[in-house]
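Architecture at a glance
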Amino acid sequence: MNRIVNKKEIYHLSQRLNYTLVQRFILYYLLYLFTGALGIFMAYVYYKSRIWYGTENFFLFVHFAWKFITPILLSYVMSGAIGLGIYFLRKACRYLDEFLIASENLFLDTEKDVIFSEELQPVALYLNSVRDNLKNSQRLAMEAEQRKNDLVVYLAHDLKTPLTSVIGYLTLLNDEREISPKLQQKYLGVALEKAERLEDLINEFFEITRFSLTHLTLELSDINLSRMLEQTIFEFQPMFSDKELTCELDAPKDYFYRCDPDKLQRVFDNLLRNAVNYSYPNSTVSIALKIEHTHLLLTVQNIGNTIPEEKLNQIFEQFFRLDTSRNTKSGGAGLGLAIAKEIVKLHGGEIFAQSAENQVTFSVKLPLPKTTETTSQNIDNQTHTNDERLYSI
């Protein structure tokens, strides 16, 4: 596999090429002048080593040359400079031609590797790596676009089912005046459930549009991260109860952290929602917040189907869904984890997933501030309380 060459190396290569061309021009030109001077010296030695009668051709030539020595020397010097200048200019033009051909091949999406002169091999490596990166980016963009298009088609199709049910049950209620209150309540309950599903599908459409048209920016402030986790878990109690799940939180008390609270809460929300959707009933969702030496480590672990290795590398991509069957009870637009990844990256952190033996763990690493008032506040809080406490909901 070709070694990837960075831009800094290309810059230094350009400087070296310029230096080499100038160096060679000067060297060749000095050699050219030395050759001329050597020729004149040898002619002078030969001239002095013989007795001339004044009628020899060489004697006549020497006298003629001596008479016009100044213009002859100037012509020799200028012709050498012009000739060598043209030679090295053509050499530089050949380098430019190679660049142009290579650039054209990049735009034509050719599979052939870029081949340059020996002096430009690092440039060939760099352009080949650029081409590979462009192809990979194009492939990922096409796959994301295809998943998005498929998702929109599925959502448009799914919209019909709950809408048809809502219209059907409301029509029954409108047409049948003698329906018993119990049956009316049943029909209204079903219509409400389908209307809520319809709202969820519409929200997914808005989520797709919002993610495509907006750029995430941070609004930083100091927050009680422990309280945020507690509050988020509390809001998920109905979902935990519906699936008979237990949630455990293991975190320091009143830990303060500087971040964008709304966006970071969205990360926690997406991770918890994902854990609820893909957990086995009557299992436990475990959440832990640890303060490491240079970073925070938040883990969300649930018990569910093991995620295959190849899908672990895709779940943070836009519009990717583990549930490809379009189960109405799990999954969404396939944007939750992609958005979470972008938010974590904006905070200077990273997010990754692991899965084995029917356990799925999502981990978020966030950098710790080097020296802030928040750090001293955290130390004060933790010296008066236990380092960690356990919540069970």
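Residues numbered from 1 in each chain as written. Predicted model: local features only at pLDDT ≥ 70, side-chain atom pairs only at ≥ 80, totals over all residues. Heavy atoms only, no water.

Some thoughts on the overall build of the protein
- Secondary structure assignment for the protein yields 11 helices and eight strands.
- Of all 393 residues assigned to the protein, the portion counted as buried reaches 32%.
- Across the protein, every contact between residues at least 6 apart in sequence was considered, and the portion connecting residues at least 24 apart equals 74%.
- Approximately 25200 Å² of the protein is accessible, and the part contributed by carbon and sulfur atoms is 59%. (Helix = DSSP H or I, 4+ residues; strand = E, 2+ residues; numbered from the N terminus. Buried < 20%, exposed > 50% of the residue type's maximum accessible area, 1.4 Å probe, protein only. Contact = heavy atoms within 4.5 Å. Areas by Shrake-Rupley, 256 points an atom, 1.4 Å probe, with all protein chains shown as cover.)

Here's the deal with the packing of aromatic side chains
- Applying the stated criterion across every chain yields a total of 10 aromatic pairs.
- Look at Tyr28 and Phe88: their rings are 5.5 Å apart centre to centre, the planes differ by 40°, and that puts the pair in the tilted class. Separated by 60 residues along the polypeptide, Tyr28 in helix H1 (residues 7–48) and Phe88 in helix H3 (residues 69–108) bring together distant segments of the chain.
- On the basis of relative accessible area, Tyr28 is assigned to the partly exposed category, the value being 36%.
- Centre to centre, the rings of Tyr29 and Tyr32 are 6.3 Å apart; their planes meet at 15°, and the pair counts as stacked. Residue Tyr29 and its partner Tyr32 are located together in helix H1, separated by three residues, close to a single helical turn. (Phe/Tyr/Trp six-rings, centres within 6.5 Å; stacked < 30°, edge-to-face > 60°.)

Quick word on unusual backbone geometry
- Unlike most non-glycine residues, Glu244 shows phi in positive territory, near 55°.
- Note on placement: Glu244 falls in the loop between helix H7 (237–242) and strand S2 (246–251).
- With a phi close to 60°, Asn282 is a non-glycine residue in the positive phi region.
- Structurally, Asn282 is set in the loop between helix H8 (261–277) and strand S4 (284–291).

Focus on the confidence of the model for the protein
- Mean pLDDT over the protein: 78, with 76% of residues reaching 70 or higher.
- Throughout residues 1–5 the model reports pLDDT below 50, and contacts reaching past four residues in sequence, or to other chains, amount to 12 contacts.
- Considering only residues more than four positions removed or in separate chains, one finds that residues 325–330, a stretch of pLDDT under 50, has 17 contacts. (pLDDT = per-residue confidence, 0-100.)

Overview of the packing of helix H6 (residues 225–235) against H8
- At a minimum axis separation of 10 Å, H6 and H8 run at an interaxial angle of 45°. Accordingly, the angle class assigned to the pair H6 and H8 is oblique. Remark: the crossing between H6 and H8 carries right-handed chirality. On H8, the residues that touch Leu225, Met228, Leu229, Thr232, Ile233 and Glu235 of H6 are Pro261, Leu264, Gln265, Phe268, Asp269 and Leu272.
- Its residues placed into classes, the contact of H6 with H8 shows eight nonpolar, two polar and two charged. (Axes fitted to C-alpha atoms, helices over the stretch in contact; angles between N-to-C directions. Parallel < 35°, antiparallel > 145°, perpendicular 65-115°, else oblique. Left-handed = near helix turned anticlockwise from the far one by under 90°. Nonpolar A, V, L, I, M, F, W, Y, C, P; charged D, E, K, R; others polar.)

What to know about helix H10 (residues 336–346)
- Every buried residue belonging to H10 is among Leu337, Ala338, Ile339, Ala340, Ile343 and Val344, and all of these are buried.
- Looking one or two places after H10, you find Gly348, whose phi comes out positive at around 80°.

Details of the nonpolar core
- Leu225, Phe240 and Ile287 are the most contacted members of the largest nonpolar core, which has 42 residues in total.
- A per-element tally of this core places H8 first, with seven residues.
- Counting residues in each nonpolar core, the second largest holds 11 residues, with Leu21, Tyr95, Ala124 and Tyr126 among its members. (Core = buried A, V, L, I, M, F, W, Y, C linked by side-chain atoms within 4.5 Å.)

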